[in-house]
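If you want the building blocks of each chain, they are given just below.
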Amino acid sequence: MTLNRLVILGAGHAGFALAAAMRQAGYGGSVTLVGDEPGLPYNRPPLSKAYLGGTDHEETLHFRPARFFEENRITLLAPERALRIDREAFKVELASGRSLPYDNLVLALGARNRSLAIPGSELTGIFSLRSAPDAAGLRAALAGARSAAVIGAGFVGLEFAATAAARGLAVTVLDAAPRAMSRVVSPETAAAIQRCHESLGTRFVFNAQITGFKARDGTASPGDRVNAVRLADDTAVQADLVLVGIGAAPNGELAEACGLEVSNGIVVDNGYRTRDPAISAIGDCAHGPTTHGHARSHRLESVQNANDSARRLAQILTTGACDAGDPIPWFWSDQGKMKLQIAGLGGPNDATVTTGSNADHMTMRFRGGRLICVETINRAGDHMAARRLIASGIGPSLAEAQAGACDLKAALKAA
Amino acid sequence: MPRIIFVEADGSEHSVEVEAGTSLMQAGVANDVKGIVGECGGSCMCATCHVVIDSALAADLPPISDDEEEMLEFGTAERFEGSRLGCQILVTEALEGLKVKVPG
Ligand SMILES: Cc1cc2nc3c(=O)[nH]c(=O)nc-3n(C[C@H](O)[C@H](O)[C@H](O)COP(=O)(O)OP(=O)(O)OC[C@H]3O[C@@H](n4cnc5c(N)ncnc54)[C@H](O)[C@@H]3O)c2cc1C
Ligand code: FES
């Protein structure tokens, strides 16, 4: 069937990028972008970085001004929530009561933060960070706080920790795991990052079992202000501001309810299609095949993945195929003066070679002797070189790296 | 407010007023200048805000940091005389009339 009515659910990174890429690819039919957040689509990474620590207006987060949507004939319905997909009738039911017909439907629904269901979670001063209003609330709270606890030593938590420490707050980072960023970086890189945070005065508590939050008088009635985080060993960590950053879960309910397969995300093939040929999924909510990393399939939460999946799907929808190979995953995180960058995907049993110091660190990860992932701190050039070396499979081997061949920029220039 | 002139790859010009303190990337995005994307939101990570500035005015610009230098060297398709990352340049009154080219 020819594509004339494209409906995209979710107006975040992936949804916006797809709408823009479809027009760039010359698609002439209608594009309707449905998002449940108010306002224009915006960029999330600054929420835990420059925007959090600065004074920028919310408009600086927008991908494009309103004019762009008009000029490109992208109909943005926001705030508007999709409630149900009727696959037989090729229609989406919206919360406003409207029903949107589609030839092709793309799910770009993102993920939502996991919450902690423990006593005291309703106290004021306990935050989660995903949206622009979340960041505005946290920014305002930062101004009056003297101490902060961060639950979860992941990217968002550590970015916030660095901002809070720079503001002079006493910061404690708590994590149930035995080290920082245990799921996403090697122990070597995690240790370097931990040392940098410690040099800013931040304290880490690992293997932490958090049992609840309490207010100043020891109670935890909703509406009271948080004063401390309670741990299983009966100790408490003082905090008048708490950020919970314990990861996110994909928004798969709409897909599940209409009978599509959902397993840690909406399951798609290597062309982003679900088992309904008229429905695709991209970005944080999609789980698809990969040639990178350990597993045969994965779900990524990153700007790179949102953009690459959007661009590739636009090409598939407009030409029937995609000429680019499986894109190499990359990621970054700004934590105070540290710029952490990751090219490729590592796994738990990779052999590693580490060079540099804390402030200028690089860990290369190898599988079967082949370079598959490079983690760097403040080494942008090595990171960019690593992306190209890994993508073309020409990085130094484990044996070469162990023998001292760690100059990736030189390796790229020589290739 | 200083006026900045963006020149798109096909030669079309956009003359826009930009509040001081805004980055050239933010100004390009807000005024819908083609070719300025800002994928990483200004973290000096993506080079999709690559612009080329008339080198005669280079002295009025903030110096290139180590990070920006490496991104220009290894992150752009081609580096030109006057190549900069737009997210690393905050507009000031001194930049009134600056011409900013977006490479193709
Ligand atoms: C604080 C923070 C910092 C981050 N920092 C980085 C970083 O430094 N580097 C990096 O690579 N990535 C970072 N990320 C991750 C990155 O932002 C995401 O991977 C990216 O936004 C994913 O795009 P998406 O379109 O899949 O999802 P989203 O951008 O989350 O968009 C999904 C949209 O769909 C909406 N939606 C959901 N259900 C419905 C419905 N039923 N109807 C209508 N709309 C609906 C959601 O509200 C949301 O607006 C960060 C994320 C956060 C929250
Ligand atoms: S916006 Fe990404 S490098 Fe400038």
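Residue numbering note: each chain is counted from 1, following its sequence as written. As they are written, the chains are lettered A onward and the ligands numbered 1 onward, keeping that order. A pLDDT threshold of at least 70 governs which residues receive local features in this predicted model, and a stricter bar of 80 or more applies before side-chain atom pairs are shown or counted, although totals over entire chains, interfaces and linings include all residues. With hydrogens and water set aside, each side-chain value is computed from the structure's full complement of heavy atoms.

For chain B, an unreviewed UniProt entry supplies the name 2Fe-2S iron-sulfur cluster-binding protein and the organism Jiella pelagia. Its UniProt record gives chain B the following Cofactor (unreviewed entry) comment, quoted word for word: "[2Fe-2S] cluster". UniProt positions are given in the numbering used here, feature names are shortened, and annotations may be inferred rather than shown by experiment. On record in UniProt, under Sequence similarities (unreviewed entry), the comment for chain B is "Belongs to the adrenodoxin/putidaredoxin family."

The name an unreviewed UniProt entry gives chain A is FAD-dependent oxidoreductase, with Jiella pelagia as the organism. As stated in UniProt under Cofactor (unreviewed entry), the record for chain A gives "FAD".

Participant: Explain the sheet that holds strand E4 (residues 83-85) of chain B residue by residue, including any values.
Facilitator: All names here are of chain B. Here, a strand pair is defined by DSSP locating no fewer than two bridges between the strands. Comment: elements are numbered from the N terminus, with helices defined as DSSP H or I runs of at least four residues and strands as E runs of at least two. In spatial order, the strands read E2-E1-E5-E3-E4; together these 5 strands make up an open sheet with mixed pairing. Sheet topology places strand E2 (13-17) and E4 at the edges, where each strand pairs with a single neighbour. Here the average twist between neighbouring strands, direction ignored, is 35°. Of the pairings in the sheet, the one linking strand E1 (residues 3-7) to strand E5 (residues 98-101) comprises 4 bridges and is parallel in character. Simply put, an axis is a line fit to the C-alpha atoms, just over the touching stretch for a helix, and the angle between two N-to-C directions goes from 0 to 180 degrees.

Participant: Got a sec to walk through the pattern of salt bridges? Specific residues and values, please.
Facilitator: Residue and element names in this part refer to chain A. Every case where a carboxyl oxygen of Asp or Glu lies within 4 Å of a side-chain nitrogen of Lys or Arg is listed as a salt bridge. For the structure shown, the criterion picks out 25 salt bridges over all chains. One salt bridge connects Glu71 with Arg67, and the closest N-O pair in it is separated by 3.6 Å. Here Glu71 pairs with Arg67, and both are found in helix H3 (residues 66-71), just 4 residues apart, close to one helical turn. Each residue gets one of three labels from its accessible area relative to the maximum for its type: buried under 20%, exposed over 50%, partly exposed in between, using a 1.4 Å probe on protein chains only. Since its relative accessible area comes to 54%, Glu71 is described here as exposed.

Participant: Describe the UniProt feature "domain: Reductase C-terminal" (unreviewed entry) in chain A, and please don't skip the residues or the numbers.
Facilitator: UniProt records the feature "domain: Reductase C-terminal" (unreviewed entry) for residues 330-411 of chain A in the present numbering. The distance separating the terminal C-alpha atoms of residues 330-411 of chain A is 19 Å; by composition the span is 26% helix and 44% strand.

Participant: Could you give an account of the UniProt feature "domain: FAD/NAD(P)-binding" (unreviewed entry) in chain A, naming the residues involved and the relevant values?
Facilitator: As annotated in UniProt, the feature "domain: FAD/NAD(P)-binding" (unreviewed entry) corresponds to residues 5-308 of chain A in the numbering used here. Secondary structure content for residues 5-308 of chain A is 23% helix and 27% strand, and the end C-alpha separation is 22 Å.

Participant: Help me get a handle on the packing of aromatic side chains, residues and values and all.
Facilitator: All names here are of chain A. Here a Phe, Tyr or Trp ring, Trp counted by its six-membered ring, pairs with any other such ring whose centre lies within 6.5 Å, and the pair is stacked when the planes are under 30 degrees apart, edge-to-face when over 60, and tilted otherwise. Under the criterion given, the structure shown has 9 aromatic pairs over all chains. Ring centres 4.9 Å apart and planes at 10° place the aromatic pair Phe16 and Phe63 in the stacked group. Of this pair, Phe16 sits in helix H1 (residues 13-24) while Phe63 sits in the loop between helix H2 (50-53) and H3, placing them 47 residues apart in sequence. Of the two residues examined, Phe16 and Phe63, each falls in the buried class. Among the aromatic side chains, those forming a connected cluster through ring pairs are Phe16, Phe63, Phe68 and Phe69. Cation placement over rings: the criterion is NZ of Lys or CZ of Arg within 6 Å of the ring centroid and within 35° of the ring normal. Over the aromatic face of Tyr51 sits the side chain of Arg139, whose NZ or CZ is 4.3 Å from the ring centroid. Across the ring face of Trp330, the terminal group of Arg387 is positioned such that the distance to the ring centre comes to 3.8 Å.

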